[in-house]
Amino acid sequence: MDTENAGTPPSTTEARLALIDSVLALPFPPGEESEDSGVRSSGPGHHLLILRASQDFWDDRSPEVVEPAEQEIETEFNVLATALSERWGEPATVDLWPYLEGDDDAEGEGVAPEPLGQLCQLAGSMQVWRVPGGTRWLGLAVGQADPEFPIWLLAAVGGTATLPGH
């Protein structure tokens, strides 16, 4: 995801849910193509969305600044998780740390399938719902690229094959 120019995430819960719905219906890019609009990155078999972003913390990383930002993102995470659970039932929790430690291929690149490869760089776990009537899952996570960067509320869409054992 473009951490320098994150675009403009949706500003309301309803707009975030509408964005999730539209991306669930969006085809994945063909072949090895990828796209990055700042708010949505897409590639073979996945989409990753920034649903909400806090301020950045370049000038001030004090608890008085960071903790309220974390709380705002966490509150919106809970609101969205509740709405999604009402639609699709209770989510599964997926630990993302094992994907960080995935085996490397011959070029030294991690082999975690996307969007898990990106998510494990930003978050420790995510809540996952299987989308009824299809072959996709939706994940919801809170993540941050580095302490100076904004805290993000993220949604990921992937094919069921990218979640081994789930």
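Everything below is about the structure printed above this text.
Cut-offs used in this document
- Residues numbered from 1 in each chain as written.
- Predicted model: local features only at pLDDT ≥ 70, side-chain atom pairs only at ≥ 80, totals over all residues.
- Heavy atoms only, no water.
- Core = buried A, V, L, I, M, F, W, Y, C linked by side-chain atoms within 4.5 Å.
- Buried < 20%, exposed > 50% of the residue type's maximum accessible area, 1.4 Å probe, protein only.
- Helix = DSSP H or I, 4+ residues; strand = E, 2+ residues; numbered from the N terminus.
- Contact = heavy atoms within 4.5 Å.
- Pairing = 2+ DSSP bridges.

Participant: So what's going on with the nonpolar core? Residues and values would help.
Facilitator: Core analysis: the largest hydrophobic core is formed by 23 residues, its most contacted members being Ile 20, Leu 51, Leu 84, Leu 138, Leu 140, Leu 153 and Ala 155. Residue assignment for this core shows that the elements contributing at least two residues are α1 (13–25), β3 (46–53), α2 (63–88), β6 (136–143) and β7 (152–159). With near-sequence residues (within four places) excluded, Leu 138 lies in contact with Ile 20, Leu 84, Trp 88, Gln 127, Val 128, Trp 129, Val 131, Ala 155, Ala 156 and Val 157. Formed by 19 residues, the second largest nonpolar core is a distinct cluster that contains Tyr 99, Leu 116, Ala 123 and Leu 163.

Participant: Which residues make up the pairing of strand β2 (residues 40–43), and what are the values?
Facilitator: On a regular strand, one side chain projects to one face of the sheet and the next to the other, so that they alternate. Where strand β1 (residues 35–36) and β2 come together, two bridges link them in antiparallel fashion. Bridge assignment links Asp 36 to a residue of β2, and that residue is Ser 41. Connecting the antiparallel pair β1 and β2 is a turn made up of three residues, with Gly 38 showing a positive phi of about 95°. Here four bridges tie β2 to β3, and the two strands are oriented antiparallel to one another. Note that in β3 the partner of Ser 42 across the bridge is His 47. Taken together, β2 and the strand that follows it, β3, pair antiparallel across an intervening segment of two residues, in which Gly 45 is found at a positive phi of about 75°.

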